[in-house]
Amino acid sequence: MDLKDYIRGIPDFPKPGILFYDISTLLRHPDAWQVAMGRLANVVRAYQPDLLAGIESRGFLLTAPLALKLGCGFIMLRKRGKLPGETVARDYALEYGADRLEIQKDALAPGQRVVLLDDLLATGGTMAAAVALLREAGAVVPAAAALIELAFLGGRARLDVPFSALVSYDA
């Protein structure tokens, strides 16, 4: 099954010149969604994770059900001020400004193996910051994965962990 057949491209969203890859069309197609989750499970399982970490917010759509499928715990990396309790934070630069990711201080035990997931890898800034944040919190990060990679933006080069994507766009 070619998963690209179930991902809709929406031109000029959220601003002119951007082609947005909409996964909602894949999520609402049960066979394609099942195939995508099975393929992600095969990729992630090889890294023997204790936990899966998802990046807010579309990353949660992949990570939570995948963690359940693999028998792992699920932890959230969220934007500033969205998590209760003490947090560990990481500020990072974006091509259009800056942002911050946070994780709950007690989300993982030192040395736990945490595979990071998001819906899409573009320039790699958010995912690289997420890897650094997980390490700062004590995790061993053996790999990262996404449903979609925009290969033409070179985000993979910013990561210092193995990275896998189910679908890649070259332009």
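Residues numbered from 1 in each chain as written. Predicted model: local features only at pLDDT ≥ 70, side-chain atom pairs only at ≥ 80, totals over all residues. Heavy atoms only, no water.

S.K.: I would appreciate a short explanation of the environment of Asp-99 in the present structure.
M.R.: Its place among the elements puts Asp-99 in strand β6 (residues 97–104). Expressed as a C-alpha distance, the spacing of Asp-99 and Arg-80, which sit 19 residues apart in the sequence, is 8.2 Å. In this view, Asp-99 contacts Lys-79, Arg-90, Asp-91, Tyr-92 and Leu-94; residues no more than four positions away in its chain are not counted. A polar atom in the side chain of Asp-99 sits 3.2 Å from the side chain of Lys-79. (Helix = DSSP H or I, 4+ residues; strand = E, 2+ residues; numbered from the N terminus. Contact = heavy atoms within 4.5 Å. Polar contact = N/O pair within 3.5 Å; in protein donor to acceptor, adjacent residues only side chain to side chain.)

S.K.: In this structure, what is going on with the environment of Gly-138? I would like to understand it.
M.R.: In this fold, Gly-138 is placed in the loop between α4 (125–136) and β8 (144–150). Distance from Gly-138 to Lys-105, taken between C-alpha atoms, is 9.7 Å for residues 33 residues apart in sequence.

S.K.: Sorry if this is basic, but what is going on with the sheet that holds strand β7 (residues 114–121) here?
M.R.: Strand pairs in the sheet, formed through backbone hydrogen bonds, run parallel or antiparallel to each other. Pairing in this open sheet of seven strands is mixed, and the strands run β5-β6-β4-β3-β7-β8-β9 from one edge to the other. In this open sheet, the two edge strands, each paired with only one partner strand, are β5 (87–94) and β9 (163–169). Neighbour to neighbour, the strand axes of the sheet diverge by 25 degrees on average, direction disregarded. Across five bridges, the pairing between β7 and β8 is parallel. Bridging across to β8, Leu-116 finds its partner in Ala-144. Contacts between helix α2 (residues 30–45) and the sheet are confined to β3 (51–55), β7, β8 and β9, with β9 contributing the most and set at about 145 degrees to the helix. Set on the sheet, α4 makes contact with β3, β4 (73–79), β5, β6, β7, β8 and β9; between it and β5 the angle comes to about 155 degrees. (Pairing = 2+ DSSP bridges. Axes fitted to C-alpha atoms, helices over the stretch in contact; angles between N-to-C directions.)

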